2 protein chains.
Amino acid sequence: MDIRELYIKPQEGDKVTFLGRVRSNRAGKKVSFLVVNDGTTMNDAQIVYKDDLKNYEEASKIRVGSIVEIQGTIHLTPDRPQPFEIQATSIECLDEAIEAYPLQKKEHSLEYLREIAQLRARTKTFNAVFKIRSIAAFAIHKFFQSQNFVYVNTPIITSNDAEGAGEEFGVITYDSKNNPLTTDFFNKKASLTVSGQLNAEAFAQAFKKVYTFGPTFRAEQSFTSRHASEFWMIEPEVAFNTLEDNIELIEAMLKYIFKDVLENAKEELEFLDENVEKGLVQKLEKLSTEKYVVNTYEQVIEMLKKAVDNKEVNFENNDIHFGLDLGTEHERYLCEVINKAPTFVTNYPKDIKAFYMKLNPDEKTVAAVDLLVPGIGELVGGSEREGSFDKLMKRCEQMGIDPTELDWYIQLRQYGYYKSAGFGLGFERLIMYITGMTNIRDVIPYPRTPKNLLF
Amino acid sequence: MDIRELYIKPQEGDKVTFLGRVRSNRAGKKVSFLVVNDGTTMNDAQIVYKDDLKNYEEASKIRVGSIVEIQGTIHLTPDRPQPFEIQATSIECLDEAIEAYPLQKKEHSLEYLREIAQLRARTKTFNAVFKIRSIAAFAIHKFFQSQNFVYVNTPIITSNDAEGAGEEFGVITYDSKNNPLTTDFFNKKASLTVSGQLNAEAFAQAFKKVYTFGPTFRAEQSFTSRHASEFWMIEPEVAFNTLEDNIELIEAMLKYIFKDVLENAKEELEFLDENVEKGLVQKLEKLSTEKYVVNTYEQVIEMLKKAVDNKEVNFENNDIHFGLDLGTEHERYLCEVINKAPTFVTNYPKDIKAFYMKLNPDEKTVAAVDLLVPGIGELVGGSEREGSFDKLMKRCEQMGIDPTELDWYIQLRQYGYYKSAGFGLGFERLIMYITGMTNIRDVIPYPRTPKNLLF
């Protein structure tokens, strides 16, 4: 049985058999203690064994990391931290770890554990983080599927240069002499996608409500704790949604995920609350119920300017003016100090946003929305999409985008166009926010960053 | 409201308002008929409008593909194929399609529709296929999550050459003069993954039960109807599973998916049964209950040899002998003619299988299992993994694999190794099997194949 099952309703005297990995083995002359975990729960099994065990000598030498099969009897221990212990009647070592097993009982730094990413999920911290990642991923599917959204797998290899932004990786083949062939396989230059949005938009025109959930890529030389070269995005797109509908959907989705994780990852969150971010559970409870703030970009500029003018804050960039592309310092000050809550910022200046965003009647802003959250900054970015063929062509021109490269996308406006809105949620940023981990390398199983391609 | 909702409990005289896309507009002098669909269901809304409508003239000219808002009253029509029609009180054209809208009412070939992949989900066939794809994807998550499997996002960009098989795409960056830089970004050569298995195996050592669900890639010049350059795989891995457990898990997973789709995609399956593969629903019902056959590879060779010797069949390759890598013709004959059922084939010769598969005591076969299904051939491939460090090193040597390239993976056998088994399911092949579509290009939203990179 799994150790997770042992914890469901342990009864005094119950006979149990289970497998697990040794976390520690504290051997005495007559009584010894083994701590075993099998990854199905944060909880360990505490095993007591005595010198009446026929292989006592041998058992007391089992190394950390080894796999053991335990037979024994449950003894309830209501006055100790763990609710029960196992009195072993048999301990068998199924596979012995070498002495140089890299995860000994002491504390290891996150940096060290990144170098052994193939093993780090065996530690409690990463067991919790990756379990929560899995639960959150499933929560996202449940949220959208229960509302009849269609899951669309948008392509990874693409010839679109979607946003005119984000550096792209090239996809190539090699000839027999190992020379790169850049256009040979597809008859054109191929890249790794930076976003599935344009492809998803076409499907929203067919199904009304769709979402993607897949990997995206950036070939930028970013060495920050919030950027990775490969990360997963969720990109919902809904025909007929307005900016307000979009905001409602973002908030509903996030609250659903927070509630789901609070319900289904109790042990994991409690562990992280104690060891990684104090107050984590309370933060998530608040996030799953409180109302998020909505500010226009113009209001934000005013508020930040006032704070600078009144010397309430000193940013690295104090030149706050309409047209400024907000930095993380501004975003975090807004939601951490001014609003003390997740904050939607709407109607950004058109010049700092993507070509496909819907131009507002003022002709200087677009119907965009970003969600900024304390500790992270931008978590979600979205917009209404420009529905007018002519306006979209004009935006391409103004922004130096060759519309023939994206004709299939732009032409959607000629083939009967529902208006449409959607957003992108960076999955790793969400997991950082939920787990309290502060480096993106620690929330994705095998992180890819510049100069770093292990495993 | 969605047209899907209209169909839930239509009541005579109910007033309704909805949006949709025009499938056809058959205009008469006094009475006209509009067929509208919004993608939320296979069913269309049939709208009757008469010359008392204030914009009758205008409405009768609305083109196919355009977006309309309809207000009207439900009139039940129990003696007609559709259960109700809408008597329109208002028809407003929200966005007009151009006259050259590529999806006119006539039948279009699948080949033609591939060239307009951004629009094809608007047709009934592709609406059904991609809805089923979404439902099946969710069913897979439900199946594994309900059994406490942890979903692991294994990396897409990799430096592993996982199976020593499968041609890989290279991942590069470009310098400012557009010259390819093959090792610059990561300081080593990078490729697109052909399988997440090795990475998932390491996580199974931590969590016991894990699964992946993500894109994988092959740079092979395959122009068949069953191969794509980019496709999605599901790769579960379970610590302590034997070959028999693995077979049980495969069968349970498939039956769960078939049942789920039968329950949640009734309309879509009925449409495909009528238009794509006669008997589809019955096939899936049978597949979700019947017992699948299990044969050893040795038995299969005997049966095929006997069939050839008795002139019951004439393969392109009639040289049936132990060691033969079964072709699709052999696989299909086995499950379509001999067994007439999905067939697990076990214990293949080691020389035709991957290095990581567990060597059987006979030392000539490995504990591998493929699932072959009628009409498709191989749907699933899996195995127990070699747990012995020494044997695995020896297999690498025999197969010309440099073990230092995969040291992190091979070393798992030194760090306390649960035995482990898992498999890979090609998601597109599964969707072909469920929908009856015979070309892989028609079950993935934007297919990528050699010389083909559109959208």
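Residues numbered from 1 in each chain as written. Chains lettered and ligands numbered in written order. Predicted model: local features only at pLDDT ≥ 70, side-chain atom pairs only at ≥ 80, totals over all residues. Heavy atoms only, no water.

Worth spelling out the cut-off: UniProt positions are given in the numbering used here, feature names are shortened, and annotations may be inferred rather than shown by experiment.
The name an unreviewed UniProt entry assigns to chain A is Asparagine--tRNA ligase, from the organism Mesoplasma lactucae ATCC 49193. The Catalytic activity (unreviewed entry) comment attached to chain A in UniProt states, word for word, "tRNA(Asn) + L-asparagine + ATP = L-asparaginyl-tRNA(Asn) + AMP + diphosphate + H(+)". Within the UniProt record for chain A, the comment given under Subunit (unreviewed entry) is "Homodimer."

**With respect to the packing of aromatic side chains**
Each aromatic ring pair is characterised by the separation of its centres together with the angle its planes make. Let me state the cut-off plainly: Between 30 and 60 degrees the pair is tilted, below 30 it is stacked and above 60 it is edge-to-face, where a pair is any two Phe, Tyr or Trp rings, Trp via its six-membered ring, whose centres lie within 6.5 Å. Where helices and strands are cited, they refer to DSSP runs of H or I of at least four residues and of E of at least two residues respectively, numbered from the N terminus. Sitting over a ring, as applied to charges here, requires NZ of Lys or CZ of Arg to be within 6 Å of the ring centre and within 35 degrees of the ring normal.
Scanning all chains against the criterion turns up 59 aromatic pairs over all chains. Between tyrosine 7 of chain B and phenylalanine 84 of chain B the ring centres are 4.7 Å apart and the planes differ by 55 degrees, which places this aromatic pair in the tilted class. One end of the pair, tyrosine 7 of chain B, is in the loop between helix H1 (3–6) and strand E1 (15–26); the other, phenylalanine 84 of chain B, is in strand E5 (residues 84–95), with 77 residues separating them in the sequence. Taken together through their ring pairs, the aromatic side chains of Phe126, Phe130, Tyr446 and Phe455 of chain A together with Phe203, Phe207, Phe355, Tyr356, Trp408 and Tyr409 of chain B make up a single cluster. Positioned above the aromatic ring of tyrosine 292 of chain B is the side chain of lysine 255 of chain B, whose terminal nitrogen or guanidinium carbon lies 4.9 Å from the ring centre. Between lysine 364 of chain B and the ring centre of phenylalanine 322 of chain B, over which it is positioned, the NZ or CZ distance is 4.7 Å.

**Re the relation of the copies chain B and chain A**
Stated formally: Least-squares superposition of the copies uses the C-alpha atoms of those residues scoring a pLDDT of at least 70 in each of them. Contacts between residues were defined by any pair of non-hydrogen atoms, one from each residue, lying within 4.5 Å.
The transformation that overlays chain B on chain A combines an axial shift of 0.0 Å with a rotation of 180 degrees, and the residual RMSD is 0.0 Å. What the superposition gives is, in effect, a two-fold axis relating one chain to the other. Distance from the rotation axis, computed per C-alpha, reaches its smallest value in chain B at valine 171 of chain B: 2.5 Å. Taken as a fraction of all interface residues of chain B, those also at the interface in chain A reach 100%, which identifies the copy contact as same-surface.

**Quick look at the sheet that holds strand E3 (residues 45–50) of chain A**
Residue and element names in this part refer to chain A. To keep things clear, this is the line we draw: In short, DSSP must find at least two bridges between two strands for them to pair. Fitting a line to C-alpha atoms yields each axis, with helices limited to the stretch in contact; the angle taken between N-to-C directions then spans 0 to 180 degrees.
One closed barrel holds the five strands; their spatial order is E1-E2-E3-E5-E4, and the pairing between them is mixed. Taken pair by pair, the neighbouring strands of this sheet meet at an average axis angle of 55 degrees, ignoring direction. Looking at chain direction, strand E2 (residues 31–37) and E3 are connected through six bridges and run antiparallel. The partner of valine 35 across the bridge, within E3, is glutamine 46.

**So, the pattern of salt bridges**
All names here are of chain A. The cut-off we apply is this: By salt bridge we mean one thing: a side-chain nitrogen of Lys or Arg within 4 Å of a carboxyl oxygen of Asp or Glu. Relative accessible area decides the class of each residue, using a 1.4 Å probe on protein chains only: under 20% of the type maximum gives buried, over 50% gives exposed, and in between gives partly exposed.
By the definition in use, this model includes 42 salt bridges over all chains. The salt bridge partner of arginine 332 is glutamate 336, with a shortest N-O separation of 2.7 Å. Of this pair, arginine 332 and glutamate 336 are both found in helix H10 (residues 328–338), four residues apart, which corresponds to roughly one turn of the helix. We classify arginine 332 as partly exposed; its relative accessible area is 32%. Residue class for glutamate 336 comes out partly exposed when judged on its relative accessible area of 30%.

**Focus: helix H5 (residues 197–207) of chain B**
Residues and elements named next belong to chain B. In terms of residue burial, H5 counts as a mostly covered element, since eleven of its eleven residues are buried. Burial in H5 covers these residues: Gln197, Leu198, Asn199, Ala200, Glu201, Ala202, Phe203, Ala204, Gln205, Ala206 and Phe207. Lysine 208, located one to two residues past H5, shows a positive phi value of around 75 degrees.

**Thoughts on H10 of chain A**
Residue and element names in this part refer to chain A. For H10, the complete set of buried residues consists of His330, Glu331, Tyr333, Leu334 and Cys335. Residues of H10 that are buried make contact with strand E13 (293–296), helix H9 (297–309), strand E14 (343–346), strand E15 (368–373) and strand E16 (377–384). At the C-terminal side of H10, lysine 340 shows a positive phi close to 50 degrees.

**Observations concerning the confidence of the model for chain A**
Put simply, the test is: Predictor confidence is given residue by residue as pLDDT, running from a minimum of 0 to a maximum of 100.
Residues of chain A with pLDDT of at least 70 account for 99%, and the chain-wide mean is 95. The ipTM assigned to the predicted complex is 0.97, against a pTM of 0.97.

**What to know about the pairing of strand E17 (residues 420–426) of chain B**
Residue and element names in this part refer to chain B. E17 sits mainly inside the fold: seven of its seven residues count as buried. Alternating positions in E17 separate into two faces, Ser420, Gly422, Gly424 and Gly426 on one and Ala421, Phe423 and Leu425 on the other, with burial throughout. Bridge analysis of strand E16 (residues 377–384) against E17 gives five bridges, and the strand direction is antiparallel. When the sheet's bridge partners are listed, serine 383 is paired in E17 with glycine 422.

**Focus on the interface of chain B and chain A**
Interfaces are often described in size by the accessible area the parts lose on coming together. How we decide: Take the accessible area each of two parts loses on contact, using a 1.4 Å probe, and add the two losses: that sum is the buried area.
Every contact between the two is made by 105 residues of chain B and, on the other side, 105 residues of chain A. Summing both sides of the interface, chain B and chain A together bury roughly 8,900 Å²; the carbon and sulfur share of this comes to 61%. Here chain B and chain A share four salt bridges between them. Residue lysine 208 of chain B is joined to aspartate 38 of chain A by a salt bridge in which the shortest nitrogen-to-oxygen separation is 3.5 Å.

**Notes on the side chain of arginine 133 of chain A**
Worth spelling out the cut-off: Side-chain atoms alone can form a polar contact between residues adjacent in sequence; in general such a contact is a pair of N or O atoms within 3.5 Å, and within protein one must be able to donate a hydrogen while the other accepts it.
If you trace the backbone, arginine 133 of chain A turns up in helix H4 (residues 124–145). Look at arginine 133 of chain A and you get buried, because its relative accessible area is 2%. Among the polar contacts listed, one links the side chain of arginine 133 of chain A to the side chain of glutamate 428 of chain A, at a separation of 2.9 Å. Of the polar contacts made by the side chain of arginine 133 of chain A, one reaches the side chain of asparagine 153 of chain B; its length is 2.7 Å.

**Re the packing of H4 of chain A against helix H7 (residues 266–275) of chain A**
Residues and elements named next belong to chain A. For clarity, the cut-off: Throughout this description, any angle smaller than 35 degrees is read as roughly parallel, any larger than 145 degrees as roughly antiparallel, any in the 65 to 115 degree range as roughly perpendicular, and the remainder as oblique. The crossing is said to be left-handed when, going from far helix to near helix, the turn is anticlockwise and less than a right angle, and right-handed when the turn is clockwise. Only Asp, Glu, Lys and Arg are considered charged in this grouping, and only Ala, Val, Leu, Ile, Met, Phe, Trp, Tyr, Cys and Pro are considered nonpolar; every other residue, Gly among them, is considered polar.
Orientation of H4 relative to H7, taken along the N-to-C sense of each, is 130 degrees, at an axis distance of 9 Å. Overall, the two elements H4 and H7 adopt an arrangement that is oblique. Considering only the axes of H4 and H7, their crossing is left-handed. Residues Lys124, Thr125, Ala128, Val129, Lys131 and Ile132 of H4 form the contact with H7, whose own contacting residues are Glu268, Leu269, Phe271 and Leu272. Its residues assigned to classes, the contact of H4 with H7 shows six nonpolar, one polar and three charged.

**Let's talk about the domain arrangement of chain A**
All names here are of chain A. Note the cut-off: These domain limits were set by an automatic method or by a database of domain assignments.
Its domain assignment divides chain A into domain 1 (3–95) and domain 2 (117–292 + 341–442). When each unit is reduced to the centre of its C-alpha atoms, the spacing between domain 1 and domain 2 is 45 Å. Each partner contributes to the interface: domain 1 provides nine residues, whereas domain 2 provides nine residues. Contact between domain 1 and domain 2 buries roughly 720 Å² in total, counting both sides, with carbon and sulfur atoms accounting for 42%. Ranking the residues of domain 1 by area buried against domain 2 places Arg21, Arg23 and Met42 at the top, with a combined share of 72%. At the surface where domain 1 touches domain 2, the tally comes to one salt bridge. Here lysine 124 and aspartate 44 are joined by a salt bridge, their closest N and O atoms 3.1 Å apart. Taken together, domain 1 and domain 2 are joined by six residue pairs in polar contact (both at pLDDT 80 or more).

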